[in-house]
Amino acid sequence: MFTAPPIIETDRLRLREHRLSDKADHIAMWADERVTRFIGGQPRAPDVSWGKFLSAAGLWPVMGFGYWVFADKVSDRLIGMGGLSYFGRGIPELEGQPEAGWAFDADHWGGGLATEAMAAVLAWADTNLDAADIRCIIEPGHGASERVAAKLGFGLTGSSDVLPEVVNLYARPRGG
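Definitions and cut-offs
Residues numbered from 1 in each chain as written. Predicted model: local features only at pLDDT ≥ 70, side-chain atom pairs only at ≥ 80, totals over all residues. Heavy atoms only, no water. Salt bridge = Lys/Arg side-chain N within 4 Å of Asp/Glu carboxyl O. Helix = DSSP H or I, 4+ residues; strand = E, 2+ residues; numbered from the N terminus. Buried < 20%, exposed > 50% of the residue type's maximum accessible area, 1.4 Å probe, protein only. Contact = heavy atoms within 4.5 Å. Pairing = 2+ DSSP bridges. 1 Å grid on protein atoms, 1.4 Å probe; cavity = no way out; pocket = protein on both sides within 12 Å on 5 of 7 lines; lining within 4 Å. Points joined across faces, edges and corners; volume = space filled by probe spheres on them. Phe/Tyr/Trp six-rings, centres within 6.5 Å; stacked < 30°, edge-to-face > 60°. Lys NZ or Arg CZ within 6 Å of the ring centre and 35° of its normal.

Quick question: what am I supposed to make of the pattern of salt bridges here?
Two side chains carrying opposite charge are able to pair once their charged atoms lie near each other. Counted according to the given criterion, the structure contains 14 salt bridges. As a salt-bridge pair, D76 and R16 come within 3.1 Å of each other at their nearest N and O atoms. Highlighted residues: D76 in the loop between strand 3 (67-72) and strand 4 (78-85) and R16 in strand 2 (residues 13-16), separated in sequence by 60 residues. Comparing D76 with R16 shows no difference in burial state: the two are buried.

Pasting the structure below:
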């Protein structure tokens, strides 16, 4: 079982562990209403953002998978984060399944970084996890994430109204 994220490098990104030095970039990213429009709907206060950062880092020793910091490969600065989670959201279709998630600083949208990062995450999952499929949720109307999910091999399986906002449910079979 993995207790810390392995470092994975792509053409433009370094997927790595969370660091204290990432705090300011993380808080700034989640304070941006463009980032949170389809992820909770409201910019996050610094203490909430920091708590979620620590929670994401804590997935690895508990679940054996988790979130990575998506860092610019040249500067090593946090420009996004994501990976696989289990947040106990109360959505029956997610129970017992790794849930994929991704987010980038708005200044890094539109260049294919989410697809690049998550393709690396899913390749890791296909090799290292014994999961028949990976699930994800996306708020309806979030076209950019819907396109990323489709490129990664996720297919729409339904929707859920368990959370405060309706979300669409997606699944990707092992191996894509």
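Help me out: how do you make sense of the environment of G90 in this one?
Mapped onto the fold, G90 is located in the loop between strand 4 and strand 5 (99-104). Considered as a pair, G90 and R44 are 46 residues apart in the sequence and their alpha carbons are 22 Å apart. When near neighbours in sequence (up to four residues on either side) are disregarded, G90 contacts E95 and V162.

Could you clarify how one ought to interpret the pairing of strand 6 (residues 133-138) in this entry?
With 6 of its 6 residues buried, strand 6 lies for the most part within the structure. Burial of strand 6 is two-sided: the residues D133, R135 and I137 facing one way and the residues I134, C136 and I138 facing the other way are all buried. Relative to strand 8 (residues 167-173), strand 6 runs antiparallel, the two being bridged by 6 bridges. The residue bridging D133 from the neighbouring strand is P173, located in strand 8.

Got a minute to help me understand empty space enclosed by the protein in this structure?
Remark: the empty space left among the atoms is shown by a probe the size of a water molecule rolled over them. Under the definition given, this model contains 1 cavity of 30 Å³ or more. Volume-wise, the largest cavity comes out at about 40 Å³. As for the largest cavity, its lining consists of Y86, F87, G88, R89, L94, Q97 and E99.

Any chance you could explain the environment of D126 here in plain terms?
Following the sequence through the fold, D126 ends up in helix 5 (residues 113-128). Contact partners of D126, with chain neighbours within four places excluded, come to R172, R174, G175 and G176.

Would you explain the packing of aromatic side chains in this entry?
Aromatic ring pairs are defined here through the distance separating the ring centres and the angle between the ring planes. As enumerated under the stated definition, the model contains 7 aromatic pairs in all. Relative to F53, the ring of W50 lies with its centre 4.9 Å away and its plane at 15°, an arrangement referred to as stacked. Residue W50 and its partner F53 are located together in helix 3 (residues 46-57), separated by 3 residues, close to a single helical turn. Relative to W124, the ring of W60 has its centre 5.5 Å away and its plane inclined at 70°; by these criteria the two rings are edge-to-face. Of this pair, W60 sits in helix 4 (residues 59-63) while W124 sits in helix 5, placing them 64 residues apart in sequence. A relative accessible area of 7% means that W124 is categorised as buried. An aromatic cluster is present here, built from F2, W60, W68 and W124 joined pairwise through their rings. Over the ring of W30 we find R44, and its NZ or CZ is 3.9 Å from the ring centre.

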